[in-house]
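# Topology and contacts: notes
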Amino acid sequence: MCKKYLPIGVFDSGVGGITVLKACADILPHENFLYYGDTKNSPYGNLADQKITQLTFNAVDRLISKGVKAVVIACNTATAAAINALRSKHDIEIIGIEPAIKPACLMTNGKVLVLLTKAAARQPKFKSLIKQCGLQKVIIYPLCDLARKIEQNIGRFENLKEYIHKILSPYKDCGIKAVVLGCTHYIFVKDIIAKIFPQAVLYDGNAGVARYLKNTLIKNGLLNDQNQKGKIEFFSSDVKYQSIYQNLWSKYTNIF
Ligand code: DGL
């Protein structure tokens, strides 16, 4: 088969990357996508760097063995820990995601609160991003448990309202003008977060990743030029999650 008709692989530790998949499918409606969530090993945010790198390598190998033409690492944690090593190992285009701190800082006069996992926050790649943005403006808040709770409450995210209010309450009256959702899982609870910071604009990296993916495909002559709507398939390291991802996709594709 001609390479441009192959699917694009999208990977996350669990369900968070489905929000990135949505942004990509929206601007690339003729592409086929293969989503892989490593829910069996999720969340990654409290694991050691070496383990995150190893799991990410395994996931990308699985996608490549299924014949994808490019891979999107739809996970800030896996991107920060492993993207450089992945790119040196594979010839295929590998696109990562990073917290949207640059646009948030550019567009905001007040404080910028960055929510992300513990593992993402300690990566040199993240620290260098922060240095470029001006430390006095940015508050970094690594969260230990939110991604896990989101995985446990798939389809019932409103159950997390009280928990999210509790963990974010220390920043409620700090003049936060922008909140960066630096973990793709958090996008599922963005409405809850928005209500806690009514004066703030919320940022995520999804649209940027989707645009970058499109440009990369065009640049490499890999854009699927067929006219019919692309197919989206889901698979997981935990087989029972395949239908759970599929249901979540059908239910939530309208609200991101
Ligand atoms: N969705 C992921 C991210 O963007 C990781 C969540 C986790 O596995 O801890 O960082």
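Residues numbered from 1 in each chain as written. Predicted model: local features only at pLDDT ≥ 70, side-chain atom pairs only at ≥ 80, totals over all residues. Heavy atoms only, no water.

### Examining the pattern of salt bridges
Spelled out, the test is: Whenever a carboxyl oxygen of Asp or Glu lies within 4 Å of a side-chain nitrogen of Lys or Arg, that contact is scored as a salt bridge. Note on conventions: DSSP H or I runs of at least 4 residues are helices, E runs of at least 2 residues are strands, and numbering of each starts at the N terminus.
Tallied over the entire structure, the rule returns seven salt bridges. Of the charged contacts in the structure, one is a salt bridge between Lys4 and Asp225, with a shortest N-O distance of 2.9 Å. Taken together, the residues Lys4 in the segment before β1 (8-12) and Asp225 in the loop between α10 (206-219) and β9 (232-236) connect sequence positions 221 residues apart. Across the pair Lys89 and Asp61 runs a salt bridge, and its minimum N-O distance is 3.3 Å. One end of the pair, Lys89, is in helix α3 (residues 76-89); the other, Asp61, is in helix α2 (residues 49-65), with 28 residues separating them in the sequence.

### Regarding the site of the ligand
Stated formally: Whether a residue is near a molecule or strand is decided by its heavy atoms; if any one of them lies within 4 Å of it, the residue is near. In the analysis that follows, any N or O atom pair within 3.5 Å is treated as a polar contact, provided that within protein one partner can donate a hydrogen and the other can accept it, and provided that, for residues neighboring in sequence, both atoms belong to side chains. Every accessible area reported is derived by Shrake-Rupley at a probe size of 1.4 Å, with residue values counting cover from the shown protein chains alone. Residues were grouped as follows: Ala, Val, Leu, Ile, Met, Phe, Trp, Tyr, Cys and Pro as nonpolar; Asp, Glu, Lys and Arg as charged; and all remaining residues, including Gly, as polar.
If you check the shell around the ligand, you find 13 residues, and the closest are Ser13, Tyr44, Gly45, Thr77 and His185. A distance of 3.1 Å is found between a nitrogen atom of the ligand and a side-chain nitrogen or oxygen belonging to Asp12. At a separation of 2.7 Å, a nitrogen atom of the ligand approaches a polar side-chain atom of His185. When the free accessible area of the ligand is taken as 300 Å², the share hidden by the protein chains comes to 99%. Here the shell around the ligand is built from residues that sort into five nonpolar, seven polar and one charged.

### Here's the deal with the packing of helix α1 (residues 17-27) against α10
Let me state the cut-off plainly: Think of each axis as a best-fit line through the C-alpha atoms, taken over the contacting stretch in the case of a helix, with angles from 0 to 180 degrees between the N-to-C directions. Orientation is classified from the angle alone, with under 35 degrees giving roughly parallel, over 145 giving roughly antiparallel, 65 to 115 giving roughly perpendicular, and any other angle giving oblique. Should the near helix be turned anticlockwise from the far one by less than a right angle, the crossing is left-handed, and should it be turned clockwise, the crossing is right-handed. Pairs of residues are marked as contacts when any of their non-hydrogen atoms sit within 4.5 Å.
Contact geometry for α1 and α10: axes closest at 8 Å, N-to-C directions at 45°. Viewed along their axes, α1 and α10 adopt a mutual orientation that is oblique. Both α1 and α10 take part in a crossing whose hand is right-handed. On α10, the residues touching Thr19, Val20, Ala23, Cys24 and Ile27 of α1 are Asn206, Ala207, Val209, Ala210, Arg211, Leu213 and Lys214. The class makeup of the residues in the contact of α1 with α10 is eight nonpolar, two polar and two charged.

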